[in-house]
Amino acid sequence: MNKIFALIFTVISLLLGSGRSPVNAEYVEIGSYPQSRVSSPEIISALENQPDEWKTFGYFSGNGSEGSAVQSDFMRYADVELNGKKYRAVVFDKYRPMKTCGTHSSETYQDDNGYEPNTVYWFEYEPLKWRSVDKEKGLLMCESIIDSQPFSNTIYKIGGAYYSDRQGKNLAHDYAESSIRRWLNEDFYNTAFSDDEKEKISVNACNQQYFPRVKEHGEMTVYDKVFMLSRTEATDSEYGFSSMNTADRMRRGIATDYAECQGIHVCEIGFGHKGNSCWWMRAPGFHSKRVNKVFYDGYCSVDSYYEVTLTDIGVRPCIIYK
């Protein structure tokens, strides 16, 4: 019921807002991904009788201190087909920490979202809906926030800076060497798209813009098939977004049931953005452990103080599709 009200509020806000509305924008469906939670007892019963092979997500947890994050199999999944449809089962023995170095007893949003340990939850693979933000270029942005992943799985303090590796080679907020970049172009890419669809996804040149006072490697460009928006792109009026750093209805996003199971935070207050979630940009913050994001109300952060190891911030993939 809360999701219904959240959707109504968002639609009202869009209709009252200025600029191009998603209601009138063009959308396409490409690929598929687990999204809606299965509630039918009959389908769940049939799914539980199917043979399955459990795989680990390989998520991280630690003792609460930076540098302690290690992988384990406390959260697992299994993909099953039934009557021509594909489903994903998810189970976890312990709550996923809100930070990758956190303990399993530390704060989490999985319980707030209605998910408990040692219970199998099923999600249906459904077509991914993409918003066409640049028709000429073929740039598409996923309309929903489809997952919740950290920007970096690990973080180490060396001197006065933070790095994603023990050797101190890569700053923790570097998108080029980030965990989320690998997740997008490996886990998500191989799960969401068929071989035919992969052939139509073009490689995109993704630049990373540093704040001058933390710039160490110059402007860096990587070439990916799946990526997140930069701050420049997220404030591009040609894409239908506000060019200002104020709240913007076009940047607001709603998480799927599957993302909620992964531990995303869902806003509980606020007219027009209740039920929305935040999502990462590929934009480093002012400090080497911080990264920018889009807030619940669509505000595009500038000097973000959100740590790279947070697991409660969502992912909104983008692709170039022709």
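Residues numbered from 1 in each chain as written. Predicted model: local features only at pLDDT ≥ 70, side-chain atom pairs only at ≥ 80, totals over all residues. Heavy atoms only, no water.

A tally of regular secondary structure across the protein gives six helices and 19 strands. Long-range contacts, defined here as pairs at least 24 residues apart, represent 66% of the contacts in the protein between residues at least 6 apart. With an accessible surface of roughly 14,300 Å², the protein has 48% of that area assigned to carbon and sulfur atoms. (Helix = DSSP H or I, 4+ residues; strand = E, 2+ residues; numbered from the N terminus. Contact = heavy atoms within 4.5 Å. Areas by Shrake-Rupley, 256 points an atom, 1.4 Å probe, with all protein chains shown as cover.)

Further remarks concern the pattern of salt bridges. With the rule as written, the count across this model stands at 13 salt bridges. Here K99 makes a salt bridge to E307, at a shortest N to O gap of 3.3 Å. In this pair, K99 sits in the loop between strand 6 (85-92) and strand 7 (121-134) while E307 sits in strand 17 (residues 306-307), placing the two residues 208 residues apart along the sequence. Looking at K99, the relative accessible area reads 28%, which means it is partly exposed. Given a relative accessible area of 14%, E307 falls into the buried group. Across the pair E233 and R282 runs a salt bridge whose closest N-O atoms are separated by 3.1 Å. Residue E233 is found in helix 5 (residues 231-234), and its partner R282 is found in strand 15 (residues 279-284); the two are separated by 49 residues along the sequence. Exposure class is identical for E233 and R282. Each is buried. (Salt bridge = Lys/Arg side-chain N within 4 Å of Asp/Glu carboxyl O. Buried < 20%, exposed > 50% of the residue type's maximum accessible area, 1.4 Å probe, protein only.)

Right, let's get into the side chain of Q262. Residue position: Q262 is located in helix 6 (residues 257-262). Its relative accessible area of 0% is what places Q262 among the buried residues. Within the structure, Q262 has its side chain in polar contact with the side chain of Y59 (distance 2.5 Å). Once residues within four sequence positions are removed from consideration, Q262 is found in contact with F57, Y59, M75, R96, Q110, D147, S148 and Q149. (Polar contact = N/O pair within 3.5 Å; in protein donor to acceptor, adjacent residues only side chain to side chain.)

By secondary structure assignment, the location of N170 is in the loop between strand 11 (161-163) and helix 3 (179-192). Contacts of N170, omitting those with residues within four sequence positions, involve Y162, Y163, S164, D165 and E177.

Another aspect to go through is the nonpolar core. Membership of the largest hydrophobic core comes to 73 residues, with the highest contact counts inside it found for W130, F188 and F193. Sorting elements by how many residues they give to this core places helix 3 first, with six residues. Formed by eight residues, the second largest nonpolar core is a distinct cluster that contains A78, V80, L82 and Y87. (Core = buried A, V, L, I, M, F, W, Y, C linked by side-chain atoms within 4.5 Å.)

The next point concerns the packing of aromatic side chains. Counting across every chain of the model gives 16 aromatic pairs. Cluster of aromatic residues (ring-pair linked, three or more members): Y33, Y115, Y121, F123, W130, W183, F188, Y189, F193 and Y258. Stacked on the ring of Y125, the Lys or Arg K86 has its end atom at 4.6 Å from the ring centre. Positioned above the aromatic ring of F295 is the side chain of K293, whose terminal nitrogen or guanidinium carbon lies 4.9 Å from the ring centre. (Phe/Tyr/Trp six-rings, centres within 6.5 Å; stacked < 30°, edge-to-face > 60°. Lys NZ or Arg CZ within 6 Å of the ring centre and 35° of its normal.)

What follows concerns the side chain of S68. Mapped onto the fold, S68 is located in the loop between strand 3 (60-61) and strand 4 (70-71). In this structure the side chain of S68 is engaged in a polar contact, spanning 2.6 Å, whose partner is the backbone oxygen of S65. When residues no more than four places from it in sequence are discounted, the contact partners of S68 are S61, G62, N63 and C101.

Unlike most non-glycine residues, N83 shows phi in positive territory, near 50 degrees. Here N83 shows up in the loop between strand 5 (75-82) and strand 6. Using a relative accessible area of 76% as the deciding quantity, one classes N83 as exposed. The residue N118 is not glycine, and still its phi comes out positive at about 60 degrees. Position of N118 relative to the elements: it lies in the loop between strand 6 and strand 7.

Moving on to the environment of I30. Relative to the helices and strands, I30 is located in strand 1 (residues 27-37). Residue class for I30 comes out buried when judged on its relative accessible area of 4%. Measuring from C-alpha to C-alpha, the distance between I30 and C142 comes to 9.6 Å, with 112 residues separating the pair along the chain. Those residues in contact with I30 that sit more than four places away from it in its chain are L128, W130, L140, F193, E197 and Y321.

Within this structure, the stated rule accounts for zero disulfides. Cysteine C206 shares no disulfide, and the gap to the nearest cysteine sulfur, in C318, comes to 9.0 Å. (Disulfide = S-S within 2.5 Å.)

What follows covers the confidence of the model for the protein. Confidence in the prediction of the protein, expressed as mean pLDDT, is 88, and 88% of residues score 70 or more. Low pLDDT, under 50, characterises residues 1-25; the stretch is placed with 33 contacts to residues that sit more than four places away or in other chains. Predicted confidence is poor over residues 211-215, with pLDDT under 50, and the contacts of this stretch with residues over four places away or in other chains come to 14 contacts. (pLDDT = per-residue confidence, 0-100.)

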